Amino acid sequence: MPTFSNPVLPGSRPDPSICRVGADYYLVTSSFAYFPGLPVHHSRDLVDWTPLGHVVDRPSQVSLTGLDVSAGLWAATIRHHEGTFYVVVTLARGRRGSTTHLFTASDPAGPWSDPVALDAEGIDPSLFFDDDGRCWFTACRDAAEPEVTGPGELWMRELDLHRKELTGPTYALWYGAVRGAWVEAPHLYKRDGVYHLIAAEGGTEHHHAVTAARAESVTGPYTTDPRSPLLTHRHRGAAEPVHNVGHADLVDTPAGETWAVVLGTRPTDGTHTLGREVFLVPVEWTDRGPVFAPETGRVGLSERLPAGVAAPPASDGRPVRDDFAGPALGPEWTGLRGPTDHLVFPLPAEGGLSIRLSPEPLTSTGTPAFVARPQQHLRMRAAARVRLTAPAPAPGQEAGLVVFQNERRHATLALTVDGDGTRQAVLTAVDAGISTRLGAVPVTGTEVVLAVDGDEAAYAFHVEDGARSTVGSIERPFFSTERAGGFVGVHLGLYGTSGTGEGEAHVRWFEYVPGRD
């Protein structure tokens, strides 16, 4: 039986939501404080996904200024109804829901509308279009009587599609299946006249789980599916390759199958650096409700192909090289909190990317001169050919590679110039916002290759300046979510900074080469 490899969307792409229009599938994931925000991916087979664009690509839509990397745009839902795509999402501040936004578009590639703020509290909003055309908004929030019901509450109001506002009474739907656990990520589905409410409980780490309730009416009352959790890896041992499974969204295929996208992680020795990734799981409907992974009861690294998919898709293990020849960065690149005017490309005659050095450091919650893409493989190599350019390089200027977990924990391998004009490649680690110089090697050329090799043990940093020199290494768990906290995985990218804001750097190319995991 032909199979595909999970995850179908590797790297930090958490909280997946999916919809189908004809033969096309569209998926949106959380983006937090990265900009552009809310990446949209497209597929024809549920397995091979291509970046399509972003819902939030204009600073006028949403302000992310001042937010730490794990705040921002959380857990969006994408749906399609009568020719219009809808995305609802929470803007989070201080690890709590701040504002709920509704975006619309006729084309999922964009442009998406300016948002409409909905009168909704909590996080993880979702939309359900019933057979009668009415649209119902669901989300989760703190329960009014947590000592009685549990800490979280799933609730519902009707969404007036014409006025784009919530209307009518508020319905408390369900408090979850696991006593004492927060219930979140609600999605509604209707099957044979029964409404199935699928949710997540146990937090987004080891105890994450998919749970469910059902009702005969859309507004309830909902009763807990006694089989809950329907999908979890909380009971599996440390050798299990996939952990933290949950946050499911379901989609039906033209062939009549149902599949779920869920998030999960791939830890090594108890820590993970790639973040929460998108896994694909078959679902079978029974009289009792949905059965996830009916043959195994778990999310595996290999799964059968969906019906109608004739052959395995192309591997995601191909090297990627960007010469920055186009008029804009590709959709896989993002910055922090907003667009930056510090990137100019292509350069006349020679091409490549020019980075105007910014006084904004990577440790700030502003918009530094920084672009990155998620690390997608445990074993990999990232490299860039970099030089400091006019005006004449000066002390305090630096540009190069960054392994970025968050603003308080990352590492840079940068070209610098000392007061006597000596050029160096310097490795710096930032922990809790404090910078430590770990190593340096002199460079003779004006343009060198800066590289980082990652594997199960460490990230090793090198400079190629005629010969290859190792500058230093940092243990892999330093960049893990377990050590750093937050909700994001490692991003690999480019940056440039100077105390005065003067100076430029030129990046001739960037490449990402997956290893064999």
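What counts, and at which threshold
- Residues numbered from 1 in each chain as written.
- Predicted model: local features only at pLDDT ≥ 70, side-chain atom pairs only at ≥ 80, totals over all residues.
- Heavy atoms only, no water.
- Helix = DSSP H or I, 4+ residues; strand = E, 2+ residues; numbered from the N terminus.
- Rg over C-alpha atoms; globule rule 2.2 N^0.38 Å.
- Buried < 20%, exposed > 50% of the residue type's maximum accessible area, 1.4 Å probe, protein only.
- Areas by Shrake-Rupley, 256 points an atom, 1.4 Å probe, with all protein chains shown as cover.
- Lys, Arg positive; Asp, Glu negative; His and termini not counted.
- Charge placed at Lys NZ, Arg CZ, Asp CG, Glu CD.
- Salt bridge = Lys/Arg side-chain N within 4 Å of Asp/Glu carboxyl O.
- Disulfide = S-S within 2.5 Å.
- Pairing = 2+ DSSP bridges.
- Axes fitted to C-alpha atoms, helices over the stretch in contact; angles between N-to-C directions.
- Core = buried A, V, L, I, M, F, W, Y, C linked by side-chain atoms within 4.5 Å.
- Contact = heavy atoms within 4.5 Å.
- Phe/Tyr/Trp six-rings, centres within 6.5 Å; stacked < 30°, edge-to-face > 60°.
- Polar contact = N/O pair within 3.5 Å; in protein donor to acceptor, adjacent residues only side chain to side chain.

Undergrad: Any chance you could explain the overall build of the chain here in plain terms?
TA: A tally of regular secondary structure across the chain gives 2 helices and 39 strands. For the chain, the C-alpha radius of gyration of 23 Å lies close to 24 Å, the compact-globule estimate for 517 residues. Considered along the principal axes of its C-alpha atoms, the chain spans approximately 75 × 50 × 45 Å. Out of the 517 residues belonging to the chain, those deemed buried represent 57%. Summed over its atoms, the accessible surface of the chain is roughly 19,500 Å², and 49% of this surface lies on carbon and sulfur atoms. Seen as two clouds, the 43 positive and the 62 negative side-chain charges of the chain have centres 2 Å apart.

Undergrad: Mind showing me how you'd approach the pattern of salt bridges here?
TA: In a structure, side chains of opposite charge can pair up when their charged atoms sit close to one another. All chains considered together, the criterion is met by 36 salt bridges. In this structure, E240 engages R298 in a salt bridge whose closest nitrogen and oxygen atoms are separated by 2.7 Å. Of this pair, E240 sits in the loop between strand 19 (231-232) and strand 20 (243-252) while R298 is found in the loop between strand 23 (289-292) and strand 24 (302-304), placing the two residues 58 residues apart along the sequence. Here E277 makes a salt bridge to R266, at a shortest N to O gap of 2.8 Å. Taken together, the positions of E277 in strand 22 (residues 277-286) and R266 in the loop between strand 21 (258-265) and strand 22 put the pair 11 residues apart, joining distant regions of the chain. With a relative accessible area of 21%, R266 lands in the partly exposed category.

Undergrad: Sorry, what's going on with the state of the cysteines here?
TA: Where two cysteines share a covalent bond between their sulfur atoms, that bond is called a disulfide. For the structure shown, the criterion picks out 0 disulfides. There is no disulfide at C140, and the cysteine sulfur nearest it, in C135, is 17 Å away. Owing to a relative accessible area of 0%, C140 belongs among the buried residues under this scheme.

Undergrad: Mind showing me how you'd approach the pairing of strand 11 (residues 123-129) here?
TA: Within a regular beta strand, the side chains point alternately toward one face of the sheet and then the other, so they alternate between its two faces. Burial analysis of strand 11 places 7 of its 7 residues in the buried class, the great majority of the element. In this structure, strand 11 lies alongside strand 12 (residues 135-142), joined through 5 bridges in antiparallel fashion. Residue I123 lies in a different strand from strand 12, and its bridge partner there is C140.

Undergrad: Explain the sheet that holds strand 22 here, please?
TA: Two strands in a sheet stick together by hydrogen bonds in their backbones, pointing the same way (parallel) or opposite ways (antiparallel). Judged by pairing direction, the sheet is antiparallel, and its 4 strands sit side by side in the order 20-21-22-23 without closing on themselves. Of all the strands in the sheet, the pair left with one neighbour each is strand 20 and strand 23. Each strand axis lies, on average, 35° off the axis of its neighbour in the sheet, ignoring direction. Where strand 21 meets strand 22, 7 bridges bridge the pair, whose relative direction is antiparallel. In the sheet register, L263 faces strand 22, and the bridge partner there is V278.

Undergrad: Quick question: what am I supposed to make of the nonpolar core here?
TA: Inside soluble globular proteins, nonpolar side chains tend to come together where they are buried. If you look at the biggest cluster of nonpolar residues, it comprises 42 residues, and the most contacted ones within it are L450, F461, L494 and F510. Apart from the residues lying within four places of it in its own chain, the contact partners of F461 are V403, A411, L413, L427, A451, V452, S469, T470, V471, G472, S473 and I474. With 32 residues, the next largest nonpolar core counts F32, C140, A199 and L362 among its residues.

Undergrad: Is there a simple way to think about the packing of aromatic side chains in this case?
TA: The way to describe two aromatic rings as a pair is by their centre distance and the angle between their planes. Going through the model one piece at a time under the given rule, you end up with 13 aromatic pairs. With centroids separated by 5.6 Å and ring planes inclined at 90°, the aromatic side chains of W74 and F487 adopt a geometry described as edge-to-face. You can see W74 sitting in strand 7 (residues 72-81) and its partner F487 sitting in the loop between helix 2 (481-484) and strand 38 (491-498), a full 413 residues away along the chain. Judged by its relative accessible area of 25%, F487 falls in the partly exposed class. Consider the rings of F324 and W333, whose centres lie 5.9 Å apart with planes at 45°: the pair is tilted.

Undergrad: Got a minute to help me understand the sheet that holds strand 9 (residues 96-105) in this structure?
TA: The strand order across the open sheet formed by 4 strands is 7-8-9-10, and the pairing between neighbours is antiparallel. With partners counted over all chains shown, the strands left at the sheet margins are strand 7 and strand 10 (116-118), one partner each. For this sheet the average axis-to-axis angle between neighbouring strands, irrespective of direction, equals 25°. Two elements, strand 7 and strand 8 (residues 84-93), share 8 bridges in a ladder whose sense is antiparallel. Across the sheet, the residue bridging to W74 is T90, located in strand 8.

Undergrad: Help me understand the environment of V448, please; the structure alone is not making it clear to me.
TA: You can see V448 is positioned in strand 35 (residues 447-454). Along the primary structure V448 and L388 are separated by 60 residues, whereas in three dimensions their C-alpha atoms are 9.9 Å apart.

Undergrad: In this structure, what is going on with the side chain of H377? I would like to understand it.
TA: By the secondary structure assignment, H377 is in the loop between strand 29 (370-374) and strand 30 (380-389). The exposure class of H377 is buried, given its relative accessible area of 6%. A distance of 2.9 Å separates polar atoms of two side chains, one belonging to H377 and the other to Y512.

Undergrad: What is the right way to read unusual backbone geometry from this model?
TA: The phi torsion of most residues other than glycine is negative, and most of the peptide bonds are trans. Residue P7 is reached from N6 by a cis peptide bond, and omega for that bond is 0°. When you line up the elements, P7 lands in the loop between strand 1 (3-5) and strand 2 (17-21). G220 connects to P221 through a cis peptide bond whose omega is 10°. As for its placement among the helices and strands, P221 is situated in the loop between strand 17 (209-215) and strand 18 (223-224). Here A75, not a glycine, exhibits a phi torsion of approximately 45°, which is positive. A positive phi angle is found at F324, which is not glycine, with a value near 55°. Owing to a relative accessible area of 3%, F324 belongs among the buried residues under this scheme.

Undergrad: Even after reading the chapter, I still don't get the pairing of strand 22, so can you show me in this structure?
TA: Of all 10 residues making up strand 22, 8 are buried, and the element is well covered by its neighbours. A loop of 2 residues connects strand 22 with strand 23, the two strands running antiparallel in sequence.

Undergrad: Before we go on, may I ask you to explain the environment of L388 in this structure?
TA: Secondary-structure assignment places L388 in strand 30. Expressed as a C-alpha distance, the spacing of L388 and V417, which sit 29 residues apart in the sequence, is 9.1 Å. Residues within four places of L388 in sequence aside, it is in contact with L357, P393, Q397, A399, L415, T416, V417, R423, T446, E504 and A505.

All we've got here are geometric facts, nothing functional implied.
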